[in-house]
Amino acid sequence: MNAGQMKSAATISCCLLILYACIFGRFRPRVLIDVSKISLSTTILGYNVSAPIMIAPTSMHKLAHPEGEVATARAAAACNVIMIVSYSSMCTVEEVASSCDAIRFFQIYVYKRRDITAQLVRRAERSGYKAIVLTVDVPRLGKREADIKNKMIQPQLKNFEGLLPTQVVSDEGSNFKAYADLTLDASLSWKDIGWLRSITKLPILIKGVLTHEDAIKAVEAGAAGIVVSNHGARQLDYTPATISVLEEVVHAVKGKVPVFVDGGVRRGTDIFKALALGAQAVLIGRPVVYGLAAKGETGVRRVTEMLKDELELTMALSGCPTIKDITRGHVITDRERLQSSL
Ligand SMILES: Cc1cc2nc3c(=O)[nH]c(=O)nc-3n(C[C@H](O)[C@H](O)[C@H](O)COP(=O)(O)O)c2cc1C
Ligand SMILES: CCCCCCC(=O)C(=O)O
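What counts and how
- What you see as residue numbers is a count from 1 along each chain, following the sequence as written.
- As they are written, the chains are lettered A onward and the ligands numbered 1 onward, keeping that order.
- Residues qualify for local features only when their pLDDT is at least 70, as the model is predicted, and side-chain atom pairs are given and counted only at 80 or more; totals for whole chains, interfaces and linings, by contrast, use all residues.
- Excluded from the side-chain calculations are hydrogens and water; all other atoms, namely the structure's heavy atoms, are used.
- Being paired, for any two strands, means DSSP has found at least two bridges between them.
- For helices the rule is a DSSP run of H or I covering at least 4 residues; for strands it is a run of E covering at least 2, with both sets numbered from the N terminus onward.
- Lines are fitted to the C-alpha atoms to define the axes, a helix being fitted only along its stretch in contact, and any angle between axes, read from their N-to-C directions, falls within 0 to 180 degrees.
- Throughout, exposure labels follow a simple rule: accessible area from a 1.4 Å probe, protein chains only, divided by the maximum for the residue type, with under 20% read as buried, over 50% as exposed, and the rest as partly exposed.
- Handedness of a crossover is defined as follows: orient the strands so they point away from the viewer, and if the path from the first strand over the helix to the second runs clockwise, the crossover is right-handed.
- For this analysis, a ring pair means two rings from Phe, Tyr or Trp (six-membered ring only for Trp) whose centres lie within 6.5 Å, classed as stacked if their planes differ by under 30 degrees, edge-to-face if by over 60, and tilted for the remaining angles.
- Distance and angle both matter: a charge sits over a ring if NZ of Lys or CZ of Arg is within 6 Å of the ring centre and within 35 degrees of the ring normal.
- Summary of the distance rule: residues count as near a molecule or strand when at least one heavy atom falls within 4 Å of that molecule or strand.
- Definition of a polar contact: a pair of N or O atoms within 3.5 Å, with one able to donate and the other able to accept a hydrogen when the atoms are protein atoms, and with sequence-neighbouring residues admitted only if both atoms are side-chain atoms.
- Values of accessible area rely on a 1.4 Å probe in the Shrake-Rupley scheme; residue burial ignores everything except the protein chains shown.
- Residue classes follow a fixed rule: Ala, Val, Leu, Ile, Met, Phe, Trp, Tyr, Cys and Pro count as nonpolar, while Asp, Glu, Lys and Arg count as charged, and any other residue, Gly among them, counts as polar.
- Contacts are assigned to residue pairs that have any heavy atoms within 4.5 Å of one another.
- In this description, a nonpolar core means a group of buried Ala, Val, Leu, Ile, Met, Phe, Trp, Tyr and Cys residues linked to one another through side-chain atoms lying within 4.5 Å.
- UniProt positions are given in the numbering used here, feature names are shortened, and annotations may be inferred rather than shown by experiment.
- For a helix, the expected span equals 1.5 Å multiplied by the residue count minus one.

Peer 1: Where do I start with the sheet that holds strand β5 (residues 82-85) in this structure?
Peer 2: One key point about sheets: their strands pair by backbone hydrogen bonds, in either a parallel or an antiparallel sense. The eight strands lie next to each other as β4-β5-β6-β7-β8-β9-β10-β11, forming a closed barrel whose pairing is parallel. Each adjacent strand pair in this sheet contributes to an overall mean axis angle of 30 degrees, direction not counted. Inspection of the sheet shows β5 paired to strand β6 (residues 104-108) by three bridges, in the parallel sense. Bridge pairing links Val85 to Phe106 in β6.

As structure tokens, then:
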């Protein structure tokens, strides 16, 4: 090998090593277990669902498909998975509720105008939503350069008709940002969970936790569950991959409340890893929106079914006939592999 070839070989090995280190964990499948019948069903906050999958809250579904959140909800109902409807939905809370019998949670932001948030929470409660998901990682909107470049325009949201003008005029870049600046209450803090609890009987999940410190605070504040999320990397650069901090949160809450996770869940194998590391279920964001954009309700059903099929196969090949059979022993993380090789 000459010097040039050695240099290329070293570069390739380096790249492979980095790639290898970036792949989170490995499975530890168990064999000779009866996997002739696999059940994906589980319960979430006491509700029986077909799989440990929830539809993450994503805003403005009519930008993806003219039927918007109603199509997504019908797919959730058909697949018997929970849909978390976004505060920034384009169909109203009531339209989604009356469209089908999907189990629905309602995601909220807290606005400076608390009366508006309180009204939305009450409307969701009246319309049969089963939980409130408080998203806490958006005190301000992150810097979304694509929105600025494309001069993103916040469409009129029917939920807020008569309550708030959504046509904010901004001459610099994204008027979505101007809308967020106008509405979001950046002073929101842990004490305000008490306020939220005082206006609703629904259980409150806190979405956007990435550390054990905040997980403990969420439990102390009375959260009924935690969603480990970095908002799909849309808010703060350099937040960790959620799968890498999931266990820290799971250990901190000590089983007092369920822990959920989202971010980059694209395959049944990803769901399996999350469950093995202690999540009770995963939330799916972008893939649902892509399915909706491609084929409306049918597209969302297809995405959900693909994930369920892949999870089912992963469970069979790992020796786990039920969700409860998936344990910490079924995965080994990169950190553990490194430690064991030292
Ligand atoms: C287009 C888009 C809109 C979103 N809107 C909301 C929202 O309204 N409320 C919220 O809590 N999270 C919102 N999120 C974040 C998702 O709930 C989720 O945390 C994130 O997308 C990670 O999942 P993914 O990797 O599967 O997309 C949004 C994400 C995307 C991509
Ligand atoms: C109230 C304005 C903020 C909405 C943010 C929607 C969202 O979570 C996202 O786009 O991400």
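Peer 1: Looking at this model, I keep getting lost on the pairing of strand β10 (residues 259-262). Mind explaining?
Peer 2: Sheet faces and side chains relate simply in a regular strand, where the side chains alternate between the two faces. Because side chains alternate across β10, one face comprises the buried residues Val259 and Val261, and the other comprises Phe260 and Asp262, equally buried. Pairing geometry for strand β9 (residues 225-228) and β10, over three bridges, is parallel. From the neighbouring strand, Ile226 faces β10, where its bridge partner is Val259. One crossover worth recording links β9 to the parallel β10 by way of helix α9 (residues 242-253), and it is right-handed. Of the pairings in the sheet, the one linking β10 to strand β11 (residues 281-284) comprises three bridges and is parallel in character. Paired with Val261 across the strands is Val282, a residue of β11. Each parallel crossover has a hand, and for β10 linked through helix α10 (residues 268-276) to β11 it is right-handed.

Peer 1: Would you take a moment to explain the packing of aromatic side chains for this structure?
Peer 2: Centre distance and the angle of the planes are the two values used to describe a pair of aromatic rings. Inspection of the entire model under this criterion finds eight aromatic pairs. Aromatic pair Tyr111 and Tyr179: ring centres 6.5 Å apart, planes at 85 degrees, arrangement edge-to-face. Placement of the pair is Tyr111 in the loop between β6 and α4 (114-126) and Tyr179 in helix α6 (residues 175-183), with a sequence separation of 68 residues. Taken individually, Tyr111 and Tyr179 each receive the classification buried, so the pair is uniform in this respect. An aromatic cluster of three or more residues is present, and its members are Tyr87, Phe106, Tyr109, Tyr111, Tyr129, Phe160 and Tyr179. One residue, Arg104, lies across the ring of Tyr129, its end atom 4.4 Å from the ring centre. Looking at Arg114, its charged tip hangs above the ring of Trp195, at a distance of 4.7 Å from the centre.

Peer 1: In this structure, what is going on with the site of ligand 2? I would like to understand it.
Peer 2: Neighbouring ligand 2 are Ser59, Ser88, Tyr109, Tyr111, Arg144, Phe176, Tyr179, Ala180, Thr183, Leu184, His231 and Arg234. In the model, an oxygen atom of ligand 2 is placed 2.4 Å from a nitrogen or oxygen of the Tyr109 side chain. Here ligand 2 loses 94% of its free accessible area of 340 Å² to cover by the protein chains. Tallied by class, the residues present in the shell around ligand 2 amount to six nonpolar, four polar and two charged.

Peer 1: Explanation requested: α6 in the structure shown.
Peer 2: Each turn of an α-helix holds 3.6 residues, which means side chains three or four residues apart point in the same direction. When α6 is considered as a whole, its buried residues turn out to be Asn175, Phe176, Ala178, Tyr179, Ala180 and Thr183. Where the residues of α6 are buried, they touch α5 (145-149).

Peer 1: What's the story with the nonpolar core in this structure? I'm lost.
Peer 2: Across soluble globular proteins, nonpolar side chains show a tendency to be buried alongside one another. Of all hydrophobic cores here, the largest spans 90 residues; its most connected members are Tyr87, Phe106, Ile108, Tyr111, Phe160 and Leu246. Of the residues forming this core, the biggest block, seven residues, is contributed by helix α11 (residues 286-318). Excluding residues that lie within four positions of it along the chain, Tyr87 makes contacts with Phe106, Gln107, Ile108, Tyr109, Tyr111, Ile116, Thr117, Leu120, Asn159 and Phe160. Met54, Ile84, Ala131 and Phe260 belong to the second-largest nonpolar core, a separate cluster that totals 15 residues.

Peer 1: Help me understand the UniProt feature "active site" (unreviewed entry) in the protein, please; the structure alone is not making it clear to me.
Peer 2: In the numbering used here, UniProt assigns the feature "active site" (unreviewed entry) to His231. What makes His231 buried here is its relative accessible area of 13%. Residue contacts for His231: discarding those within four places in its chain leaves Tyr109, Thr135, Asp137, Val138, Arg144 and Lys207. For His231, the side chain forms a polar contact with the side chain of Asp137, separated by 2.9 Å.

Peer 1: What is the right way to read α4 from this model?
Peer 2: Here α4 contains 13 residues, and its C-alpha end-to-end distance of 18 Å stays within 8% of the 18 Å for a straight helix at 1.5 Å per residue. Listed in full, the buried residues belonging to α4 are Ile116, Thr117, Ala118, Leu120, Val121, Arg123 and Ala124. The secondary structure elements touched by the buried residues of α4 are α3 (93-99), β6, β7 (132-135) and α7 (192-199). Note on α4: the residue one or two positions beyond its end, Gly128, has a positive phi of about 85 degrees.

Peer 1: Looking at this structure, I do not really get the pairing of strand β8 (residues 204-209). What am I missing?
Peer 2: For β8, the tally of buried residues reaches six of six residues, placing the bulk of the element in the interior. Both β8 and β9 contribute to a ladder of four bridges, which runs parallel. Counted as the bridge partner of Leu205 is Gly225 from β9. Crossover handedness for the path β8 to helix α8 (residues 212-220) to β9: right-handed.

Peer 1: Hey, could you run me through the site of ligand 1 in this one?
Peer 2: For ligand 1, the set of nearby residues contains 21 residues, the closest of which are Pro57, Ser86, Thr135, Asp262 and Gly264. The contact in question runs from a nitrogen atom of ligand 1 to an N or O atom on the side chain of Gln107, over 3.0 Å. With respect to ligand 1, the backbone of Arg286 contributes an N or O atom lying 2.9 Å from an oxygen atom. In isolation ligand 1 exposes 610 Å². Once the protein is present, 93% of that is buried. Looking at side-chain class alone, the shell around ligand 1 contains five nonpolar, 11 polar and five charged residues.

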